[in-house]
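Residue-level listing of the chains:
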Amino acid sequence: MGASSAEHIITIAALAAVTVLARGFFFLSSKKWELPHWAERGLQYAPIAALAAVIAPEIVMSQGLLIAHLQDARLFGVAAGVLYFFARRGGGHSVLGTIVAGMVVYLPLHIGLGW
Amino acid sequence: MAGLRALIRHPEFRLGFQEMAQVAPGIAAWGLMTGVAMVKSGLGTAEALVMALTVFAGSAQLAAIPLMIAGAPVWVILATAFCVNLRFVVFSAHMRNYLMHLPLSRRLACGYLTGDLTYVLFVKRHKEPASDASGRYAQVAYLLGNGAINWFSWTASSLIGVAAANFIPASWGLGFAGILALVGMVCSLASTPMRWIAGGIAAAAGVAAFALPLKLNILVAIAAAVALSLTLEQSPWADSLAGKASR
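What you are looking at is a predicted structure, and each value in this text was computed from that prediction instead of being measured.

A separate point is the overall build of chain B. If you tally the helices and strands in chain B, you get 14 helices and zero strands. Seen in sequence order, chain B has helices and strands lined up from the N terminus as α-α-α-α-α-α-α-α-α-α-α-α-α-α. Here the C-alpha atoms of chain B give a radius of gyration of 19 Å, agreeing with the 18 Å that 2.2 N^0.38 yields for 247 residues. Across its three principal directions, the C-alpha atoms of chain B cover 55 × 50 × 35 Å. Scored against the burial criterion, the 247 residues of chain B give a buried share of 50%.

Here it is as structure tokens:
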């Protein structure tokens, strides 16, 4: 395992470099360069689109398939979190409250009832 | 790094820190379960600790580990991680105008710290790149404060997850707190009908394209949401969708 462990450490260092490369991809060149106007406008939708695309499968899918029944703790957890957020109208610490309210509903259903 | 100390004292550093600190419990739960998952998928403890300390990209880490265990060629592992990270390439196009005034090494350091939530919170707080030096400075301070607490809570909790992997069963579902953190962020971003539509399109596309390898469903979803939103902006209902009346 010794040699392969050293190889793994080098691979891991390279993976950290990949993180920098991806997150700084368009910072690499110092050339003056402007995004086309449509792209600039379009990017304002990128944050919500990226988050929605990351979370949606984690909420409504299981093992690569859409869940077929509603007895799923995740649905109730998310519903509780969203309700909390809008009850607070997005006021201070409402994202923290979303996490707490969601988990308070999710954990008993998930651990207790096995949903 | 005398400059760094001044950045840390800037009020925007504190603000970035506070805005991320609110979400940090979700990040921490997610980091914890990623640490657990790294060990459970067969990575040695020392390697998992180094990975938790340096790579700072959860989904890429979990995609790379099975390949490492299987002895895949290094370039395959790196290419896989890069593909899983492609959404960050899109984010970097957005962040470029905010950061190009910095020297390359600092730009890349900022890039390293710009995870999903840092990017989202940053462009929410700073909708346009600053036009003067003090404004640019403040934006970098915000980014660093925000990225620092994100890095710290993610990394510290991952290390704990690696150390405690045998005591924390994945079946408890603690990682769901990370999803809830993102749910809260989506709610806070959905300030106009257009944003709701963009989020809805991306969610549907992300699910529909889930079978794609390398998390490319996320990239497809961003492209679909941006393209359809730009199209809708040209429509007769554009003003009401953009929430112009209420602003």
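Our next topic: the overall build of chain A. A count of helices and strands for chain A gives five helices and two strands. Counted from the first residue to the last, chain A has its helices and strands arranged as α-α-α-β-β-α-α. Over its C-alpha trace chain A gives a radius of gyration of 21 Å, far above what one expects of a compact globule, namely 13 Å for 115 residues. Seen through its C-alpha atoms, chain A measures out along the principal axes to roughly 50 × 50 × 30 Å. Counting all 115 residues of chain A, 40% fall into the buried class. For chain A, the share of sequence-separated contacts (at least 6 apart) that also reach a separation of at least 24 residues comes to 44%.

Facing the 76 residues of chain B at the interface are 63 residues of chain A. At 13 residues, the largest contribution of residues to the side of chain B that touches chain A is made by helix α11 (residues 176-189) of chain B. For the side of chain B that touches chain A, the residue count by class is 54 nonpolar, 16 polar and six charged.

Residue and element names in this part refer to chain B. With a phi angle near 55 degrees, F56 is a residue other than glycine that sits in the positive phi range. In this structure, L214 is a non-glycine residue whose phi angle is positive, near 60 degrees. For L214, the location among the structural elements is in the loop between α12 (193-208) and α13 (216-233). For L214, a count of 18 C-beta atoms within 10 Å puts it in the partly exposed group.

Take the domain arrangement of chain B next. Bring the parts together and some accessible area is lost; that lost area is often taken as the interface size. Residue and element names in this part refer to chain B. As far as domains go, chain B holds domain 1 (2-181) and domain 2 (190-247). A separation of 24 Å is found between the C-alpha centroids of domain 1 and domain 2. Each side of the interface is counted separately: domain 1 has seven residues, and domain 2 has six residues. Looking at the side of domain 1 that touches domain 2, the elements with two or more residues in it are α6 (74-84) and α7 (86-99). For the side of domain 1 that touches domain 2, a count of residues per class yields four nonpolar, two polar and one charged.

One recurring pattern in soluble globular proteins is that nonpolar side chains are buried together. If you look at the biggest cluster of nonpolar residues, it comprises 111 residues, and the most contacted ones within it are A49(A), A53(A), V186(B), A202(B), I222(B) and A225(B). Contacts of I222(B), omitting those with residues within four sequence positions, involve A46(A), A49(A), A50(A), A53(A), R87(B), V90(B) and A202(B).

In this section: the packing of helix α3 (residues 24-40) of chain B against helix α5 (residues 58-69) of chain B. Residues and elements named next belong to chain B. Put simply, α3 and α5 touch, their axes get as near as 10 Å, and they point 10 degrees apart. Of the possible angle classes, the one that applies to α3 and α5 is roughly parallel. Side by side, α3 and α5 meet where W30, T34, A37 and M38 of the first sit next to G58, Q61, L62 and I65 of the second. The residue makeup of the contact of α3 with α5, split by class, is five nonpolar, three polar and no charged.

Turning our attention to the domain arrangement of chain A. For chain A, the domain assignment lists domain 1 (1-66) and domain 2 (69-115). Put simply, the middle of domain 1 of chain A and the middle of domain 2 of chain A, counted by C-alpha atoms, are 27 Å apart.

Residue and element names in this part refer to chain B. Mapped onto the elements of the fold, P169 is located in the loop between α10 (133-163) and α11. Given 12 C-beta atoms within 10 Å, P169 falls into the exposed group. It is 13 Å that separates the C-alpha atoms of P169 and M38, two residues lying 131 residues apart in sequence.

It is worth spelling out the packing of α7(B) against α13(B) at this point. Two numbers describe a pair of packed helices, the interaxial angle and the distance between the axes. Residue and element names in this part refer to chain B. Here α7 crosses α13 at 35 degrees, and the two axes come no closer than 8 Å. In this structure, α7 contributes L86, R87 and V90 to the contact, and α13 contributes I218, L219 and I222. Each residue belonging to the contact of α7 with α13 can be placed in one class, and the counts come to five nonpolar, no polar and one charged.

Attention shifts here to the environment of G58(B). Residues and elements named next belong to chain B. Here G58 lies in helix α5. In this structure, the C-alpha to C-alpha distance between G58 and W30, residues 28 residues apart in sequence, is 8.7 Å. Dropping the residues within four chain positions of it, G58 is found in contact with W30 and T34.

Residue and element names in this part refer to chain B. Helix length check: α5, at twelve residues, gives a terminal C-alpha distance of 17 Å against a target of 16 Å (1.5 Å per residue), a fit within 8%. Taken together, the buried positions of α5 are occupied by G58, A60, Q61, A63, A64, I65 and M68. Positive phi shows up at G71, right after α5, with a value of about 75 degrees.

What counts and what doesn't
- Residues numbered from 1 in each chain as written.
- Chains lettered and ligands numbered in written order.
- Predicted model: local features only at pLDDT ≥ 70, side-chain atom pairs only at ≥ 80, totals over all residues.
- Helix = DSSP H or I, 4+ residues; strand = E, 2+ residues; numbered from the N terminus.
- Rg over C-alpha atoms; globule rule 2.2 N^0.38 Å.
- Buried ≥ 20, exposed ≤ 12 C-beta atoms within 10 Å, placed from the backbone.
- Contact = placed C-beta atoms within 7 Å.
- Nonpolar A, V, L, I, M, F, W, Y, C, P; charged D, E, K, R; others polar.
- Domains from an automatic or database assignment.
- Core = buried A, V, L, I, M, F, W, Y, C linked by C-beta atoms within 7 Å.
- Axes fitted to C-alpha atoms, helices over the stretch in contact; angles between N-to-C directions.
- Parallel < 35°, antiparallel > 145°, perpendicular 65-115°, else oblique.
- Expected span 1.5 Å × (residues − 1).

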